[in-house]
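# Notes for the structure review
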Amino acid sequence: MQKVLTQMNVQLHKVVSDITGTTGMTIIRAIVAGERNPQILAAKRHHRTKRSEAEIAAALNGDYRSEHIFVLQQELRLYDVYHAQIAACDRQIQECLAEFSDKVNLDESPLSQPKHPRNKPQGNEPAFDLRTHLYRISGVDFTAIDGLGILTVQTIISEVGLDPTRFPTVKHFTSWLGLCPCNRITGGKVKRSQTRLVVNPATNAFRMAAQTAGKSNSALGAFYRRLRSRLGTPKAITATAHKLARIFYRLWTTGGNYQDPGMDYYEQRYQERVINNLQKKALALGFELIPQPEANTVS
């Protein structure tokens with residue numbers, strides 16, 4: 001649709017952030033219905049749109065040739081057909097999830113409010129309440145973990161299932177995901193410790209969640225950024241995905257709620273570990289660390 005609009009010299013994509021949004025689709029449907037007046041089309045914008053009617057009207061001055069309108073009409077119909085098919089898939093997924101037995105009573109243990117509430121589904125998120133279904137059948141609110149969104153949790157659960165006993169330990173789980181080091185030992189020496197190359201949607205989901213968590217002001221975000229500055233982005237993503245998988249497994253097997261200790265807590269613990277290591281090295285060399293007193297300020 002955007003290509004056809006560009007061929008008509010209608011620069012709608014320059015005045016709206018997404019042509020498939022409320023304003024964009026209202027204008028496109030009006031164009032297909034026969035409206036050509038830029039002022040009337042611009043007046044159909046949503047009241048929360050940042051651009052003014054004059055700016056939108058200026059972008060709608062184009063050459064509305066019949067052949068381009070025909071192509072736009074065809075693409076709009078395909079767009080509606082695809083959305084109808086996606087809605088049918090969402091209804092089928094909802095019916096499938098409803099068949100699973102409950103692991104938690106929603107009346108006794110209601111689901112807490114999400115960290116970042118939204119008024120409408122984002123991206124490919126289904127229209128129904130997927131978060132409540134996942135909490136009901138698993139007994140754990142995995143979305144409380146930083147980086148794990150609703151669709152990410154759905155992907156992971158659809159791959160690993162609901163029975164954690166298939167993985168005796170967390171090491172089995174992370175090894176199956178291919179997120180733990182794979183040591184190649186020859187002659188008693190580790191020659192290589194890179195992770196195995198696996199084709200697993202759950203692994204990709206954890207890696208994507210690691211990148212999302214790295215942007216947050218959380219302990220996982222601080223962990224990711226510290227490793228990225230020292231080891232680079234690829235290794236930081238793998239290490240953070242490994243940590244996310246371990247947190248997921250612990251909640252999966254023991255239940256409970258995830259509480260983020262916070263970015264400041266992580267930095268404090270990291271500083272304490274550095275100081276402890278320095279003290280051990282100093283004692284091994286026969287020295288003693290003495291804290292430096294704070295400098296006196298003169299007013």
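Relevant structure appears above.
The structure reproduced in this document is the subject of the present report. None of these values were measured; they are calculated from a predicted model.

### A look at the nonpolar core
Counting residues in hydrophobic clusters, the biggest one holds 44 residues, and the most contacted among them are F142, I145, F173, F206, F248 and W252. When residues of this core are traced back to their parent elements, those giving at least two are α6 (130-138), α7 (150-160), α8 (170-177), α9 (201-213), α10 (219-231) and α11 (233-254). Element by element, the count of residues in this core is highest for α11, at ten residues. W252 has contacts with F142, V160, G161, L162, D163, P164, F167 and F173, leaving out every residue within four places of it along the chain.

### Notes on the pairing of strand β2 (residues 189-192)
Two strands pair when backbone bridges link them, and strand β1 (residues 184-186) and β2 are joined in this way by three bridges, in the antiparallel orientation. Bridged to R184 within β2 is R192. Between β1 and the antiparallel strand that follows it, β2, lie two residues; G187 among them carries a positive phi value of about 65°.

### Some details on the packing of aromatic side chains
Under the definition given, this model contains twelve aromatic pairs. Residues F173 and F248 carry aromatic rings whose centres are separated by 6.2 Å and whose planes lie at 15° to one another, so their mutual orientation is stacked. Taken together, the residues F173 in helix α8 and F248 in helix α11 connect sequence positions 75 residues apart. Each of the two residues, F173 as well as F248, counts as buried. Both rings, one in Y249 and one in W252, keep their centres 6.3 Å apart while their planes meet at 85°; by these two values the pair is edge-to-face. Of this pair, Y249 and W252 both sit in helix α11, three residues apart, which is roughly one turn of the helix.

### Description of a positive patch on the surface
Taken together, the side chains of K171, K243, R246, R250 and R273 define a basic patch exposed on the protein surface. Examining the composition of the positive patch, we find that three residues originate from one element, α11, more than from any other. Relative to the assigned elements, K243 resides in helix α11. Among the residues examined, K243 registers a relative accessible area of 32% and is labelled partly exposed.

### Considerations on the packing of α8 against α11
Contact geometry for α8 and α11: axes closest at 10 Å, N-to-C directions at 135°. The pairing of α8 with α11 is recorded here as oblique in orientation. Where α8 crosses over α11, the handedness of that crossing is right-handed. On the side of α8, the interface is formed by V170, F173, T174 and L177, while α11 contributes H242, A245, R246, F248, Y249 and W252. Residue classes in the contact of α8 with α11 are distributed as seven nonpolar, two polar and one charged.

### Side note on the packing of α10 against helix α12 (residues 263-284)
How two helices pack is summed up by the angle between their axes together with the distance between the axes. Two numbers describe how α10 lies on α12: the axes approach to 7 Å, and their chain directions differ by 50°. By the angle class used here, α10 and α12 are oblique. With respect to the hand of their crossing, α10 and α12 are arranged in right-handed fashion. Within the contact between the two elements, α10 uses A219, A222, F223, R225 and R226 and α12 uses M263, Y266, E267 and Y270. When its residues are assigned to classes, the contact of α10 with α12 shows six nonpolar, no polar and three charged.

### Topic: a nonpolar patch on the surface
There is a patch of nonpolar side chains on the surface, built from L78, V81 and Y82 and spanning about 290 Å² of accessible area. Within the fold, V81 resides in helix α5 (residues 66-98). Its relative accessible area of 41% is what places V81 among the partly exposed residues.

### Structural notes on the pattern of salt bridges
Inspection of every chain in the model, using the stated rule, returns six salt bridges. The shortest N-O distance in the salt bridge between R136 and D102 comes to 2.4 Å. On the criterion of sequence distance, the pair formed by R136 in helix α6 and D102 in the loop between α5 and α6 is long-range, its members being 34 residues apart. For D141, the salt bridge identified is with R131, shortest N-O distance 3.0 Å. A residue pair is termed long-range when its members are at least 10 positions apart, and D141 in the loop between α6 and α7 and R131 in helix α6 qualify at ten residues. Considered together, D141 and R131 belong to a single accessibility category, that of buried residues.

Here is what the cut-offs are and how they apply
- Residues numbered from 1 in each chain as written.
- Predicted model: local features only at pLDDT ≥ 70, side-chain atom pairs only at ≥ 80, totals over all residues.
- Heavy atoms only, no water.
- Core = buried A, V, L, I, M, F, W, Y, C linked by side-chain atoms within 4.5 Å.
- Buried < 20%, exposed > 50% of the residue type's maximum accessible area, 1.4 Å probe, protein only.
- Helix = DSSP H or I, 4+ residues; strand = E, 2+ residues; numbered from the N terminus.
- Contact = heavy atoms within 4.5 Å.
- Pairing = 2+ DSSP bridges.
- Phe/Tyr/Trp six-rings, centres within 6.5 Å; stacked < 30°, edge-to-face > 60°.
- Patch = residues over 30% accessible without salt bridge, like charges linked within 9 Å, V, L, I, M, F, W, Y side chains within 5 Å.
- Areas by Shrake-Rupley, 256 points an atom, 1.4 Å probe, with all protein chains shown as cover.
- Salt bridge = Lys/Arg side-chain N within 4 Å of Asp/Glu carboxyl O.
- Lys, Arg positive; Asp, Glu negative; His and termini not counted.
- Charge placed at Lys NZ, Arg CZ, Asp CG, Glu CD.
- Axes fitted to C-alpha atoms, helices over the stretch in contact; angles between N-to-C directions.
- Parallel < 35°, antiparallel > 145°, perpendicular 65-115°, else oblique.
- Left-handed = near helix turned anticlockwise from the far one by under 90°.
- Nonpolar A, V, L, I, M, F, W, Y, C, P; charged D, E, K, R; others polar.

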